[in-house]
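For reference, the chains in residue letters:
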Amino acid sequence: MDAALVTAIGVIGSAAVTGAAAMYGSRVAGRAQQEGSAVNGFNSLTDQLQEERTELRTEVATLRAELAAERAESARLRLLVQQLGGTP
């Protein structure tokens with residue numbers, strides 16, 4: 001084999017190795033990007049759920065206060081009925 005043939009085979013071999021490395025690097029980069037997107041999506045959903053939970057806790061506290069007021073009013077009216085001689 002002469003030097004030109006050896007050089008040509010070397011160039012072809014290195015081109016194949018370079019191409020394979022580029023394909024592998026592209027796959028790894030694609031996976032990393034997908035994983036990053038998944039993590040970002042998960043964080044966004046977590047934030048939304050925490051906001052909704054906070055809103056629901058506030059709503060539950062308000063409803064409990066309203067229920068306590070209604071029960072107190074009901075008890076007051078029962079007592080008034082009894083004082084007037086009726087049965088609740």
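Our subject is the structure that appears above.
Residues numbered from 1 in each chain as written. Predicted model: local features only at pLDDT ≥ 70, side-chain atom pairs only at ≥ 80, totals over all residues. Heavy atoms only, no water.

Caption draft 1: Quick peek at the overall build of the chain. Tallying secondary structure elements over the chain gives one helix and zero strands in all. Taking all 88 residues of the chain together, 0% fall into the buried category. Put simply, the chain shows about 7700 Å² of open surface, and 61% of that area lies on carbon and sulfur atoms. (Helix = DSSP H or I, 4+ residues; strand = E, 2+ residues; numbered from the N terminus. Buried < 20%, exposed > 50% of the residue type's maximum accessible area, 1.4 Å probe, protein only. Areas by Shrake-Rupley, 256 points an atom, 1.4 Å probe, with all protein chains shown as cover.)

Caption draft 2: A nonpolar patch on the surface, seen in detail. Together, Leu 77, Leu 80 and Leu 84 make up an exposed nonpolar region whose accessible area comes to about 290 Å². Along the polypeptide, Leu 80 turns up in helix 1 (residues 3-83). (Patch = residues over 30% accessible without salt bridge, like charges linked within 9 Å, V, L, I, M, F, W, Y side chains within 5 Å. Salt bridge = Lys/Arg side-chain N within 4 Å of Asp/Glu carboxyl O.)

Caption draft 3: Broad picture of the pattern of salt bridges. Evaluation of the coordinates by the stated rule reveals one salt bridge. Ionic pairing is found between Glu 73 and Arg 76, a salt bridge with its closest N-O pair at 2.8 Å. One end of the pair is Glu 73 and the other is Arg 76, both in helix 1 and three residues apart, which spans about a single turn.

Caption draft 4: Fine view of a negative patch on the surface. On the surface, a cluster of negative charge is made up of Asp 47, Glu 51, Glu 52, Glu 55 and Glu 59. Here Asp 47 falls in the partly exposed class, since its relative accessible area comes to 42%. (Lys, Arg positive; Asp, Glu negative; His and termini not counted. Charge placed at Lys NZ, Arg CZ, Asp CG, Glu CD.)

By themselves these figures say nothing about function.
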